[in-house]
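Next come the chains, spelled out residue by residue.
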Amino acid sequence: MLKKILVANRGEIALRVIRACKELKIASVAVHSTADSNSMHVKMADESVCIGPPKASDSYLNIPNIIAACEIAGADSVHPGYGFLSENPNFAEVLSDHKIIFIGPSAEHIRLMGDKVSAKRTMTDLGVPCVPGSKGIVETIEQAEASAKQIGYPVIIKASAGGGGRGMKLVTQPKELSESYHAAKTEAESAFGNDEVYLEKYLLNPKHIEIQIFGDGFGNAIHLGERDCSIQRRHQKVLEEAPSTVLNEKQRKEIGLICAQAIAKLKYAGAGTIEFLYSAGNFYFIEMNTRIQVEHPITEEIFGIDLVKEQIRIASKQGLSFKQEEVNFIGHSIECRINAEKIPNFTASPGLINAYHAPGGLGVRIDSALYTGYRVPPYYDSLICKLIVHGKNRKEAIAKLERALKELIIDGVDTTAGLFDLILKSDTFLKGTYDIVWLENFLNETSQAK
Ligand code: ADP
């Protein structure tokens, strides 16, 4: 087993990893910027090292400083959490050069999946169904025109290096293509330092359904069912649930098996998420994330498996703690991502937390680094609290969520918690028939209704 893990992250996910370390009796090292000296992850870890000033590029993204922190603390491994350096193949390589274990897949697999064009090509070759699209990168406007014509409008232009829902351009008619193509390239260059783009069929009203997988690095892989992450704003997930209301057992097994087999063939090591759009009974691969996801707790809740501990086991070359046939899910789980943002414009709302009260009771879980007196800094992601519920069925999970939202108090900053009261009252949500554009339409309608 690993002996000392440095957690190269902050906030709730750093805390999540530190908790797993404590249960496994592994020493934990927090790193922090000067803005995060009083953060919960620093207080909870066994040791902490300051890695630079508030700006993420000078601290949480600063590879030399993180390596130095590993050496100062004597860490034998690094857990990257999500975001920051979690999908940076160079980071994985530099760690390996320093004989430090990266808790995640190989640099080669991160690179393969980090480029969406090579990811789609690989998945197609492995028998995973993909969204129809251009054959690789589209290098000229002429190629874009030919490709769009062949795919059929509407199409979506996406950055090969894309992420975080940024840099996508929807094109509904041929006359919009040229402007959108050039705009997408410029945006991709400034956001990701890489202007390569590709085209995909724009699927109308699909759901976003993703499959949790694990590979042991020796050619064995398993899946842990799906998460429905269709409730999105600006292509960013807002609420997730597992299982999805639209899949039956047969579909779940089929797509799970396809994913697990693909991952096994790759000899992938660690946790991963294979993301699909789902429409009219068909799955279309869009991308793979080679790290733990924000929404991983809903899978943990229904399967009763600690995904972070499994990551650590795999990095320790101990394999998974279970076999596919030994696991099954129970009940239903929902996660709400609560951000420090002011509705209706979702503008960031950093500041001092005057009062914080976390809900509790059977089936209610909070993953958060908040405490009364904590100051939410303005420099990072605005996610401050994940409220997760688990019930014996969807109805019970919704009732628990409704109750837990009423108990939650976050005073001092504006939050998006109120949004979930609205969502829970909507018929479409209650029926589970929502798709990826539903929330934005719902928000427009409710703001007009006021
Ligand atoms: P990112 O890596 O930036 O998050 P993804 O490829 O995962 O980008 O897509 C994010 C979201 O954008 C999806 O969940 C979906 O809502 C929307 N999207 C992406 N591709 C398509 C498509 N081909 N048709 C319709 N919507 C899409």
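K.L.:
Summarise the overall build of the protein chain; cite the residues concerned and give the values.
P.N.:
Looking only at helices and strands, one finds 15 helices and 22 strands in the protein chain. The C-alpha atoms of the protein chain give 21 Å as radius of gyration, which agrees with the globular expectation for 450 residues (22 Å, within 12%). Its C-alpha atoms give the protein chain principal-axis dimensions of roughly 60 × 55 × 45 Å. Here the protein chain holds 450 residues, and 57% of them are scored as buried.

K.L.:
I'd like a rundown of the domain arrangement of the protein chain, residues and numbers included.
P.N.:
Along its sequence, the protein chain is organised into domain 1 (4-103), domain 2 (132-201) and domain 3 (207-449). The C-alpha centroid of domain 2 is placed 36 Å from the C-alpha centroid of domain 1.

K.L.:
With reference to specific residues and values, describe the layout of surface pockets.
P.N.:
The gaps left among the atoms become clear once a water-sized probe is rolled over them. Put simply, the second largest pocket is a space of about 420 Å³. Within the residue set of the lining of the second largest pocket, elements represented by two or more residues are α4 (89-97), β5 (101-102), α5 (107-114), β12 (269-279) and α11 (307-315). Tallied by class, the residues present in the lining of the second largest pocket amount to 12 nonpolar, 7 polar and 3 charged. Split by domain, the lining of the second largest pocket shows at least three residues from each of two domains, domain 1 (4-103) and domain 3 (207-449).

K.L.:
Can you explain the site of the ligand? Please cite residues and give values.
P.N.:
Contacts to the ligand come from 21 residues, most closely from K158, G165, H208, Q232 and E287. Contact between the ligand and K116: an oxygen atom at 2.9 Å from a side-chain N or O atom of the residue. A distance of 3.1 Å separates an oxygen atom of the ligand from a polar side-chain atom of H235. Bound to the protein, the ligand loses 96% of the 550 Å² it would expose on its own. The set of elements that each furnish at least two residues to the shell around the ligand consists of β6 (155-159), β8 (197-201), β12 and β13 (282-289).

Rules of the game
- Residues numbered from 1 in each chain as written.
- Predicted model: local features only at pLDDT ≥ 70, side-chain atom pairs only at ≥ 80, totals over all residues.
- Heavy atoms only, no water.
- Helix = DSSP H or I, 4+ residues; strand = E, 2+ residues; numbered from the N terminus.
- Rg over C-alpha atoms; globule rule 2.2 N^0.38 Å.
- Buried < 20%, exposed > 50% of the residue type's maximum accessible area, 1.4 Å probe, protein only.
- Domains from an automatic or database assignment.
- 1 Å grid on protein atoms, 1.4 Å probe; cavity = no way out; pocket = protein on both sides within 12 Å on 5 of 7 lines; lining within 4 Å.
- Points joined across faces, edges and corners; volume = space filled by probe spheres on them.
- Nonpolar A, V, L, I, M, F, W, Y, C, P; charged D, E, K, R; others polar.
- Near = heavy atom within 4 Å.
- Polar contact = N/O pair within 3.5 Å; in protein donor to acceptor, adjacent residues only side chain to side chain.
- Areas by Shrake-Rupley, 256 points an atom, 1.4 Å probe, with all protein chains shown as cover.

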